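What the coordinates show
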Amino acid sequence: MVSSGFEGFEKRLELVFSLPVCDDDNVRARHGLRLLPVGALREALDAAQCAVVSAAGNAALDAYVLSESSLFVYPSRAVLKTCGTTRLLRAVPALLRAAAAELGLALRSCRYSRGSYLFPDAQPFPHADFADEVRFLDAAVPNTLRFRHSAVMPPHSHSRRQHKWHVYKASSSSTSGDDGGAARLTVEVCMTELDRTLAKQFYVTPGDDAGRTSHAAGDAMTAASGLGGVMNPRALAFGYAFAPCGYSKNALEGERYATVHVTPEDGHSYASYECGGSDDAGGAIASVSKAVAAFRPGAVSVSVCYGGGGTTEEGIGRAIDADWVWSAVADAVEPLGLTCRSQAAEAFPGAMTVTYQTFTRTPPSST
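In short, a report on the structure. Per chain, the residues get numbers from 1 upward, laid out in the order the sequence is written. For a predicted model such as this one, the threshold for reporting local features is a pLDDT of at least 70, and the threshold for listing and counting side-chain atom pairs is 80 or more; totals across whole chains, interfaces and linings nevertheless cover every residue. Water and hydrogen atoms play no part in the side-chain values, which are based on all heavy atoms of the structure.

1. Thoughts on helix 2 (residues 38-48)
Each residue gets one of three labels from its accessible area relative to the maximum for its type: buried under 20%, exposed over 50%, partly exposed in between, using a 1.4 Å probe on protein chains only. Only DSSP runs of H or I covering at least 4 residues are called helices, and only runs of E covering at least 2 are called strands; the numbering of each starts at the N terminus. Every buried residue of helix 2 is listed here: Ala40, Leu41, Ala44, Leu45 and Ala48. The arc that holds every buried residue of helix 2, seen down its axis, measures 130 degrees, which confines them to one face. In this structure, the buried residues of helix 2 make contact with strand 2 (52-57), strand 3 (62-66), strand 4 (69-73), strand 5 (77-82) and helix 3 (91-103). One or two positions beyond helix 2, positive phi appears at Gln49, with a value near 70 degrees. An arc is given here, and it is the one of the directions from the helix axis to the C-beta atoms. Between two residues, a contact is recorded if the distance between any of their heavy atoms is within 4.5 Å.

Set out below in structure tokens:
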């Protein structure tokens, strides 16, 4: 691994607000955060040190490709992911001020998660240390979010090199779901050591920047890599290619979203896949197999966040649990030549559970 390079691992922030029961014309109750002025969003993204490069939306949500990852905005929920050396948490005060001042919305829950950085020493405060991130968030969210918990998963490790998952959750309730009527399940996949041949598909060919837009080049990468099949082909999807390399894609289908981000450079290659907005746990986890197959990574980590009022396994109609999630994720990943190395589960306020598993490439048999 090189000593420095672009940090692919994202920081992820999810803010859920309480919508007004009604207003004079019912507009705020129906559209909520989607009514935030462009200037307010720009202020928050400037604080995080990123910018919008592409946008689309449907009846349920708005989606933005950023210079560093993605932003999704539902009426009551915002999901912001940024990579590199962005200062994601600096966006929290700006978003809370805008939601309160412009729309009269109150924060209901806050969730922050990230993996282990490839280049931790390059991260700015407060992101270089999870303890600093927790202190920053504790000070930034209102006192009405009384129930707070942070965890590093797995809690015990025999190796400093083992990948870990960092999660913070603050909620106005200790037990009831606080998803705001949006997604009850989120799957996050982080992949490193990408197959070099597959990673080369995410470089802009010399001359392409003169003949094609970033969107056209991104769509070509989507087709060549097979990423178009990860979500329903009928989904509204838009890819974006960065020069000289790198790729982002958002896809929307009703309340569901999926996003892919790729940093293909040798020595610190990285790709991520996230899907959310559905109660179909089985379908969401099954899509992991397609995403991993598109990159053939040497190492994979999968986090599944569920709960908050009725996430079920499709076809069974009962609440899922950690054992079922671990088994379903392993069934999706291990047939691709990867072996589970660790697994953990943690309960958080707001009836939320997070599972986490790591996988590495299975060495070829010597027989």
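2. Quick word on the nonpolar core
Put simply, buried Ala, Val, Leu, Ile, Met, Phe, Trp, Tyr and Cys residues joined by side-chain atoms within 4.5 Å make one nonpolar core. Counting 55 residues, the largest nonpolar core has Cys110 and Tyr168 as the members making the most contacts within it. Ranked by residue count, the leading element in this core is helix 3, at eight residues. The contacts of Tyr168, once residues within four sequence positions are left out, are Cys110, Arg111, Tyr112, Phe130, Val134, Leu137, Asp138, Val141, Arg148, His149 and Ser150. By size, the runner-up hydrophobic cluster in this structure holds 47 residues, among which are Val260, Val288, Val325 and Trp326.

3. Some thoughts on the packing of helix 8 (residues 281-293) against helix 9 (residues 322-333)
Between helix 8 and helix 9, whose axes approach to 7 Å, the crossing angle comes to 35 degrees. The element helix 8 and its partner helix 9 pack so that their crossing is right-handed. Seen from helix 8, the contacting residues are Ala281, Gly282, Ile285, Val288 and Ser289; seen from helix 9, they are Trp324, Val325, Ala328, Val329, Ala332 and Val333. Each residue gets one label: Ala, Val, Leu, Ile, Met, Phe, Trp, Tyr, Cys and Pro are nonpolar, Asp, Glu, Lys and Arg are charged, and the others, such as Gly, are polar. Broken down by class, the residue content of the contact of helix 8 with helix 9 amounts to nine nonpolar, two polar and no charged. Lines fitted to C-alpha atoms define the axes, with helix axes restricted to the stretch in contact, and inter-axis angles between N-to-C directions lie between 0 and 180 degrees. A crossing counts as left-handed when the near helix is turned anticlockwise from the far one by less than a right angle, and as right-handed when that turn is clockwise.

4. Section: the sheet that holds strand 8 (residues 165-171)
Taken in spatial order, the eight strands line up as 2-3-4-5-1-6-8-7 in an open sheet, and their pairing is antiparallel. On the outer flanks of this sheet lie strand 2 and strand 7 (147-153), each paired with one strand and no other. For this sheet, the mean inter-axis angle between neighbouring strands, taken without regard to orientation, is 10 degrees. By this definition, two strands are paired if DSSP reports at least two bridges between them. Note: strand 6 (residues 106-114) against strand 8, six bridges, orientation antiparallel.

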